[in-house]
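Take a look at the letters that make up each chain.
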Amino acid sequence: MSHRTVLFQGLSPSRSSPSGQQCQAEPGPEPEAEPMVGRPPNPRHLEPPRHLEPPRHYTEPEEAQLVATLQATSVKERSRFGGIFRDHVVDTRQYLDHVRESTAGTQGRPVKLFTNHFRVTSRPQQVTYKYNIDYMPDIEDGKVRTELLLQHKALIGKCHIFDGSSLLLPHKLLSPKMELVSLLKKQVVKVTIEFTSELMPTSPDCLRYYNILFRRILKMMELEQVGRNYYNKREATEFSDHNLVIWPGYVTSILEYETSITLCADVNHKLVRMQTAYDLISALCDGFPAKQDLQEQVAKQLVGSIVSTVFNNKTYRVDDINWEETPRTTFKTSDGAEITFVEYYKTRYDQVVTELNQPLLISKGKWKKSQRDTPQEPVLLVPQLCNLTGLTDDLRKNYRVMRDLALHMRLDPEKRQHELQKLMNAIQTNKEVQQELQLWDLKFDASFLSFSGRILKEVRIFQGRRVFDSHPQFADWSKETRSGPLLNVKSLDHWLILYPTGNYRAASFFLQSLRRVTPTMGISMREAKILEVSDTVQSYTTALENHVSSKTQMVICVLSSEKKDLYDSIKQYLCVSCPIPSQCVIARTLDKPQTLMTIVTKLAQQMNCKMGGALWKVDTGLQNTMFIGIDCFHDIVHRRKSIAGFVSSINQELTQWFSQCLFQESGQELVNGLKACLEAALKLWCKHNLFLPQAIIVYRDGVGDGQLQALLDHEVPQIESSLKSVYPKDSGVKLTFIVVKKRINTRFFVESEGRLRNPLPGTVIDVEVTKRQWYDFFIVSQSVKDGTVTPTHYNVIHDTVRFTPDRIQCLTYRLCHMYYNLPGVTRVPAPCHYAHKLAYLVGQSIHQEPHHSLASRLFYL
């Protein structure tokens, strides 16, 4: 799911495939909102149980270099709200003098577009005053901090915005520093209000407060905060047959763009199961009477899942199960008193815990990417008070479930506009909301922002002697690519097929179909060695040990089911121990006559690529240029090492790619070791071409909000250092570094026959919703059958090649045609897609560095 944009630091979205075919409203578990570690829902700080590893600590990389830029933002504010606002003040365009005048292109056919942005038509024009708020003793609970401050509402006034640590006022207080006394359950708390700065109306910090104000407005409209977003439970849709409920909601942000400040609003959905964690544990008790088996199954079902507390809607990820303690366990409250979990929930939330022998869930706290120095103390949760969220694997495989959910969650442009217009109308007609907005003179346009975009020319596909255009509407050439010889074919001379007992029919169908489709593609194929194995890892690996030779080009493994451990073990063996390109296929997919030929055609193309062949090519318009893709995979379930995937083109035609993996600390987004990666890539390029490339173009995916300055300070210098060590001093080698972002909330629409529809593939946007301080643009490259298409955002942060806007936009769009796993246009350029596939395979299945002999093959497709 990629329709959730991060508003504040620490609230980062989950990873998803960059595939152009993925719908933005795809149901699935959401990443959890940040728990208030140590305060909620039980205020007890716990040492990690003996069976748990101590939680790792994370720090914001390169934080010191941002201090000067954000002088007006306190340390606590940066830790809570940094994210997109830190990126917002990074001016990368100031170093790109070739686009100082304009970042807008001119090529393509003009088209009128609409976007889900609402212009801010009025905002405060006077200076505002910022105060820091401190508590003694310190109070961590944000709601309690607000309640304590509002005991002095007569002093600070009705018109104020408070974020938990700082206060924004339209007027100055009587004294620059005031020490006040508040009461918390008869306990005296000293509240210190101290003036820190004046904020001009144009200050980026003001935008942060406008976002806080808007979240307050959503609460006033009786929307409930769950995780990071707000939902309308009154309009929830229940699916009793599936024990699921969908809460409709919104994700919003107010930011400054090219010519104005706008409110970006998008529709969001929260999927909750009508089942508590305790319900699941109880159901498993019936099927697994043995204690050890039960505990293993509970851990398998719950660890890594997201739960939502029934008493305050906070979401947590389950990291472990504590079988040693129960709700009857006592702990010390902040005032030193001993209390059980049962008593605490009754007193604090009026929640009755009836099952006294249930275990407790352990959450180590929000998985804060790249914040290794932030203490994370585990939180204990009572299963009975935790609703399960997201979909199980069984539900995902259920066609009826997915169909029913898609009808409600995949909104087409018309439905999306209707829901967003309903939100804006509610804001305009709600008197209480309007009074709150009038206090700050904040007004919004009620209609979508409109402007002109451009549709780029269709890209020509070259496949052998055949040349054809991608379909202008569907961005697909699957029919063309399977009806003639491929660009570069590899013959199947020495290869194996392994199938489990009872699945000979599937293996036979596969082989027969392969003989039918390969001649048209130009692939010659000798007889395969077919081996029957039992459905175990040992059986597969033993057969491979006995029958693989130095001549073996490809191994096909037919699998009886989607057993992850079996798949992982086979891939690990064939990528590390016995490096041979391999293809795994589930037997049941070969038992469907209506789709068999299509599936086998796809498999034949994949096999050809994995053996070093190529399917098609496009003309990039550049010579002597290496393209690089970088992406990261984070295992948020098991918290294993993060994997950075690095791929680089080897030849001029972009049909061969070199790959490397870097293992990093869990959650680390910034990549170390790029210097060595690029040096190895340049060495291989030189071996293939007998000269070094004159330009390096990097597409960097997988970057979280708040990392822009860190990329400039950490990753770009590594690449420059590598170039200095490889190239002669006056070589003139050029470097362009582009940040690719998929998880955005901006959507674009065109009007046709009185209805809003998705833009055509190749639509580019570089005005109005781009930023003055960036060299950025959006491209809608892919086509979607259902729902609303999501554009991809590109930000050129370093460019000594000196690309014009037209040239970099056309180049980027052409690269979206070069991903060999899809005969169509993808959502991100091929280098990003390959880096993602590589990092995902290594992070999910192999967990080791692949053998170096596979480095120049697309073995990870």
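Student: A description of the overall build of the protein should follow, citing residues and the corresponding values.
Tutor: Secondary structure summary: the protein contains 21 helices and 39 strands in total. Here the protein, with 861 residues, has 60% of them falling under the buried criterion. In the protein, 74% of the contacts between residues at least 6 apart in sequence involve partners at least 24 apart. As presented, the protein carries roughly 35,000 Å² of accessible surface, and 49% of it is formed by carbon and sulfur atoms.

Student: Which residues make up the state of the cysteines, and what values go with them?
Tutor: For the structure on display, the rule yields zero disulfides. Cys661 takes part in no disulfide bond, and the closest cysteine sulfur to it belongs to Cys677, at a distance of 8.8 Å.

Student: Tell me about the pairing of strand E6 (residues 166-169), residues and numbers included.
Tutor: Burial of the side chains of E6 extends over both faces: Ser166 and Leu168 are buried on one face and Leu167 and Leu169 on the other. Judged from the four bridges that link them, strand E4 (residues 128-136) and E6 form a sheet pairing that is antiparallel. Paired with Asn132 across the strands is Ser166, a residue of E6. Examined bridge by bridge, strand E5 (residues 161-162) and E6 share two bridges and lie antiparallel to one another. Paired with Phe162 across the bridge in E6 is Leu167. The hairpin formed by E5 and E6 contains three residues between the paired strands, and Gly164 there has a positive phi angle of roughly 110 degrees.

Student: Go over the sheet that holds strand E16 (residues 320-322), please, and point to the residues and values.
Tutor: An order of E16-E19-E20 is seen for the three strands of this open sheet, with the pairing classed as antiparallel. The open sheet has two edge strands with one neighbour each: E16 and strand E20 (379-381). The average undirected angle you get between the axes of adjacent strands in this sheet is 35 degrees. Note: strand E19 (residues 360-363) against E20, three bridges, orientation antiparallel. Note on E20: the bridge partner recorded for Ser363 is Val379.

Student: Describe helix H8 (residues 341-349), naming the residues involved and giving the relevant values.
Tutor: Those residues of H8 not exposed but buried are Phe341, Tyr344, Tyr345 and Tyr349. Buried residues in H8, looked at end-on, bunch into an arc of 95 degrees, giving them a common side. Where H8 is buried, its residues meet strand E17 (330-332), strand E18 (338-340), E19 and E20. Positive backbone phi, at 55 degrees, marks Asp350, one or two positions downstream of H8.

Student: Let's hear about the nonpolar core: which residues, and what values?
Tutor: In terms of nonpolar packing, the biggest core is built from 86 residues, with Trp495, Phe510, Tyr699, Tyr820 and Tyr834 touching the most fellow members. Beyond its immediate chain neighbours, meaning those up to four positions away, Tyr834 contacts Val647, Trp657, Met818, Tyr819, Tyr820, Leu858, Tyr860 and Leu861. If you look at the next biggest cluster of nonpolar residues, it comprises 43 residues, including Phe85, Val120, Ile212 and Tyr230.

Student: Describe the packing of aromatic side chains, and please don't skip the residues or the numbers.
Tutor: If you walk through the whole model with that rule in mind, you get 23 aromatic pairs. On the basis of an interplanar angle of 70 degrees and a centroid distance of 5.4 Å, the ring pair of Tyr344 and Tyr345 is categorised as edge-to-face. The exposure class of Tyr344 is buried, given its relative accessible area of 7%. Of the aromatic side chains, those joined through ring pairs into one cluster are Phe311, Phe331, Phe341, Tyr344, Tyr345 and Tyr349. The positively charged end of Lys172 is found above the aromatic ring belonging to Phe195, 5.4 Å away from the centroid.

Student: Can you explain the sheet that holds strand E30 (residues 625-633)? Please cite residues and give values.
Tutor: Strand order across the open sheet formed by 12 strands is E32-E31-E30-E33-E34-E39-E38-E37-E23-E2-E35-E36, with mixed pairing between neighbours. Every interior strand has two partners, whereas the edge strands, strand E32 (657-664) and strand E36 (755-757), have only one. Averaged over all adjacent pairs, the angle separating strand axes in this sheet is 30 degrees, with direction ignored. Pairing of E30 with strand E33 (residues 695-700) involves six bridges; the strand directions are parallel.

Rules of the game
Residues numbered from 1 in each chain as written. Predicted model: local features only at pLDDT ≥ 70, side-chain atom pairs only at ≥ 80, totals over all residues. Heavy atoms only, no water. Helix = DSSP H or I, 4+ residues; strand = E, 2+ residues; numbered from the N terminus. Buried < 20%, exposed > 50% of the residue type's maximum accessible area, 1.4 Å probe, protein only. Contact = heavy atoms within 4.5 Å. Areas by Shrake-Rupley, 256 points an atom, 1.4 Å probe, with all protein chains shown as cover. Disulfide = S-S within 2.5 Å. Pairing = 2+ DSSP bridges. Axes fitted to C-alpha atoms, helices over the stretch in contact; angles between N-to-C directions. Arc of directions from axis to C-beta. Core = buried A, V, L, I, M, F, W, Y, C linked by side-chain atoms within 4.5 Å. Phe/Tyr/Trp six-rings, centres within 6.5 Å; stacked < 30°, edge-to-face > 60°. Lys NZ or Arg CZ within 6 Å of the ring centre and 35° of its normal.

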